[in-house]
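Coordinate analysis (summary)
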Amino acid sequence: MNQCPAGCDGTAGAYRQMEQPKDVIEKRRQKIRELQESGVELFPNDFTATHTVGDIFETLSAPGANEAHTPPHTPGDSDDSAAREKIFEKAGTFAIAGRIMAINRFGKSSFVRMRDRTGQMQAYIRKDKVGGEAYDLFKKLDIGDFIGVSGSLFATKTGETTLLADRFRLLAKSYRPLPEKFHGLKDPEKRYRRRYLDLAMNAGTRDVFLRRTRLMASMRRFLGASDFMEVETPMMQVIPGGADARPFRTHHNALGIDLYLRIAPELYLKRLLVGGFERVFEINRNFRNEGISTQHNPEFTMLEFYQAYATYEDLMGFLEKMIARVALDVCGSAQVLYQENEIDFGAKFARLDLVEAVTSIGGVDPDITKDAERLSAFAKESGIRTTGPDGRPLGPGKLLTKIFDHLVEPRLVQPTFITGYPVEVSPLSRRNAKNPDIADRFELFVAGREIANGFSELNDPVDQKERFLRQVENRDMEEGAVYTVDEDYIEALEYGMPPAAGAGVGVDRLVMLLTDSPSIRDVILFPHLKPAESK
């Protein structure tokens, strides 16, 4: 079996010292000109990869081939080298394609580390195997180029499984150098702006988005197994409904009307309950023309699901099970570490009434919560704004929730359901049968932030219209929000909507928790930023 040159440890080693970018770019362009003049195709599409890197190691891990997938041996350890060579010989030949991440050249041979979507693998390019012309071409390649390599396997002296190339093909030439390996893209804004480089260089970033994909698939499986139907509803709406938020506005030329990017899909999903689809869900993009923070992005992903003949209490139990299952699928455990706090999604989630939470956790005197004037005075003393943008005083329900947001929410580390929200802040929720001033509603908090919101749905068209009219009357109290009566939705309710419950889950925030990401921008592939030139 062919081995690497004497003294070579068989690894790709560190990146070559990066030169100044302008110099590197000019040298690359010179190489490109030379390649083009010699008739080399820079961007062919005629190489077929028969395997991925993952496929190769999976093959070597199959029963009877375990020796080939053992940790690297120390130099000179060759007790099972003969057995390994037989396994490699039996494995046959492979053709893989990927980006060059490192090159070590040794005159007439080179080690190159390649990466595809499944991982990295070392290939060994020898002049006497691939031919002089091909090897001369290889010498003009750079880190960042894409190549295809075919050949058989062998183990280096350190035991690293390596592909011995009998053929290689340039698949795409890179005009610019990748960031230097050890310094790379550290500045968060640069990482967000050039996410493609962040993904190319940082295994941690790739893992975040692989986990995000697994999370989405897990939610879909769980909902599908529970007989929920996935649907799609309009992203451009005549009336933005389903939440209090400032919308983005656009104009439809053919219809000659203004439209709004949706702030929530809720009212359309509930129309489907009227139509007889009793369990529906949508993983949807929502748009809110509001602030940006570590927890807020103007474009974000929500899961919303609605179930006929269910209550908000049913959905709390359902969410507990779904989130525990998703955590297990994504992280391998229902216990996850987030920003040095261990979050237990496997235990039963705590449940607290809003007033109980404000008094027991927030330290507010229970008598204050029963007196609107004292509640307003307490909020003002706590630095909480007690009036709306128009100067009108906030109602006791809004004051109570603002006090909760200020004093309690940051302290809710373990998963906690908060119930007993005032109807004043729950315009689409069913009133509680025993106390009509509060709604049959919950919000789920984890690690000091809201993760989900749900309630038993209001299906009385008269009550719903009155609440819409009240929103319109008080529209100035939510700056920038658009309030109008959705008469089409009211008409749909008049045909009859079954008793139901619905919930929305902040997908981005859940991904943050399951990937230990401190900012929502870390879990969105291309977060919104100001153009660089306008900074």
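See the structure printed just above.
A quick note: this is a predicted structure, and the numbers were derived from the prediction, not measured.

Take the packing of aromatic side chains next. Within the structure shown, the criterion is met by 14 aromatic pairs. Three or more aromatic residues joined by ring pairs form one cluster here, namely F106, F111, Y124 and F154. R271 extends its terminal NZ or CZ atom over the ring of Y268, reaching a point 4.6 Å from the ring centre.

Attention now goes to unusual backbone geometry. Positive phi is not limited to glycine here, since D227 has a value of about 70°. Tracing the backbone shows D227 in the loop between α8 (203-225) and β6 (229-230).

Below, the discussion takes up the environment of I125. Along the chain, the position of I125 falls in strand β3 (residues 119-126). The class of I125 is buried, set by a relative accessible area of 0%. As for I125 and R105, which are separated by 20 residues in sequence, their C-alpha atoms are 9.3 Å apart. Those residues in contact with I125, other than ones at most four positions away along the chain, are K108, S109, S110, V112, V130, Y135, F138, V149 and A165.

A few words on the side chain of R271. The topology assignment puts R271 in helix α9 (residues 266-274). Within the local environment of R271, its side chain forms a polar contact with the side chain of D488, the two groups lying 2.9 Å apart. Sequence-distant contacts of R271, defined by excluding residues within four places in its chain, comprise D486, D488, Y489 and A492.

This part covers the sheet that holds strand β4 (residues 146-155). Pairing is mixed around the closed barrel formed by five strands, whose spatial order is β1-β2-β3-β5-β4. Along the sheet, successive strands turn relative to each other by an average axial angle of 55°, direction set aside. For strand β2 (residues 109-116) and β3, the ladder comprises eight bridges, and the chain directions are antiparallel. Residue pairing across strands places F111 opposite Y124, the latter belonging to β3. Strands β1 (93-105), β2, β3, β4 and β5 (161-172) of the sheet are contacted by helix α2 (residues 53-60), whose axis makes an angle of about 90° with β3.

Moving on: the side chain of T515. For T515, the position within the fold is in helix α16 (residues 507-515). On the basis of relative accessible area, T515 is assigned to the buried category, the value being 15%. A polar atom in the side chain of T515 sits 2.7 Å from the side chain of S517. Once residues lying within four places of it in the same chain are set aside, the contact partners of T515 are V208, R211 and V523.

Here we take up the environment of L394. Note that L394 resides in the loop between α12 (372-381) and α13 (396-407). Judged by its relative accessible area of 11%, L394 is buried. Placed 22 residues apart in sequence, L394 and A372 show a C-alpha to C-alpha distance of 9.9 Å.

On the surface, a cluster of negative charge is made up of D365, D367, D371 and E373. By secondary structure assignment, the location of D371 is in the loop between α11 (354-360) and α12. For D371, a relative accessible area of 32% translates into the label partly exposed.

Along its 13 residues, helix α14 (residues 461-473) runs 18 Å from first to last C-alpha, staying within 8% of the 18 Å computed at 1.5 Å per residue. When α14 is considered as a whole, its buried residues turn out to be P461, D463, Q464, R467, F468 and Q471. Within α14, the buried residues cover an arc of 160° as seen down the axis, which keeps them to one side. Counted as exposed and oriented over 90 degrees from the buried face of α14: V462 and E473. On the buried face of α14, the contacting elements are α9 and α15 (487-494).

Turning our attention to the pattern of salt bridges. Applying the stated criterion across every chain yields a total of 28 salt bridges. One salt bridge in this structure joins R193 and E189, with 2.9 Å as the shortest N-O distance. Of this pair, R193 and E189 both sit in helix α6 (residues 188-193), separated by four residues, roughly a single helical turn. You can call E189 partly exposed: its relative accessible area is 27%. Where E457 meets K270, a salt bridge forms, and the shortest distance between an N and an O atom there is 2.7 Å. In this pair, E457 is assigned in the loop between β17 (449-456) and α14 and K270 in helix α9, connecting sequence segments 187 residues apart. Each of K31, D142, D145 and K173 takes part in one network of salt bridges that share partners.

Turning our attention to the pairing of strand β9 (residues 257-261). Where strand β7 (residues 236-237) meets β9, two bridges bridge the pair, whose relative direction is antiparallel. Each bridged residue has a counterpart across the sheet, and for Q237 the counterpart in β9 is Y260. In this sheet, β9 lies alongside strand β8 (residues 249-252) in antiparallel orientation, the contact comprising four bridges. The partner of T250 across the bridge, within β9, is L259. Adjacent in sequence and paired antiparallel, β8 and β9 are bridged by four residues, among which G256 carries a positive phi angle near 70°.

Sheet architecture is open: three strands sit in the order β7-β9-β8, paired in antiparallel fashion. Looking at the sheet topology across the chains shown, the edges are occupied by β7 and β8.

This paragraph deals with the nonpolar core. Core analysis: the biggest nonpolar cluster contains 47 residues, and L215, L303, F305 and F345 have the highest contact counts within it. The element best represented in this core is helix α10 (residues 312-331), accounting for ten residues. In this structure F305 touches L223, F228, V280, F281, L315, F318, L319, A501, G502, A503 and V505, once residues within four positions along its chain are discounted.

The next point concerns a nonpolar patch on the surface. Nonpolar side chains collect at one region of the surface, where V238, L255 and I257 lie side by side and expose about 260 Å² of accessible area between them. Looking at the element boundaries, L255 is found in the loop between β8 and β9.

Reading the values: the criteria
- Residues numbered from 1 in each chain as written.
- Predicted model: local features only at pLDDT ≥ 70, side-chain atom pairs only at ≥ 80, totals over all residues.
- Heavy atoms only, no water.
- Phe/Tyr/Trp six-rings, centres within 6.5 Å; stacked < 30°, edge-to-face > 60°.
- Lys NZ or Arg CZ within 6 Å of the ring centre and 35° of its normal.
- Helix = DSSP H or I, 4+ residues; strand = E, 2+ residues; numbered from the N terminus.
- Buried < 20%, exposed > 50% of the residue type's maximum accessible area, 1.4 Å probe, protein only.
- Contact = heavy atoms within 4.5 Å.
- Polar contact = N/O pair within 3.5 Å; in protein donor to acceptor, adjacent residues only side chain to side chain.
- Pairing = 2+ DSSP bridges.
- Axes fitted to C-alpha atoms, helices over the stretch in contact; angles between N-to-C directions.
- Patch = residues over 30% accessible without salt bridge, like charges linked within 9 Å, V, L, I, M, F, W, Y side chains within 5 Å.
- Areas by Shrake-Rupley, 256 points an atom, 1.4 Å probe, with all protein chains shown as cover.
- Salt bridge = Lys/Arg side-chain N within 4 Å of Asp/Glu carboxyl O.
- Lys, Arg positive; Asp, Glu negative; His and termini not counted.
- Charge placed at Lys NZ, Arg CZ, Asp CG, Glu CD.
- Expected span 1.5 Å × (residues − 1).
- Arc of directions from axis to C-beta.
- Core = buried A, V, L, I, M, F, W, Y, C linked by side-chain atoms within 4.5 Å.

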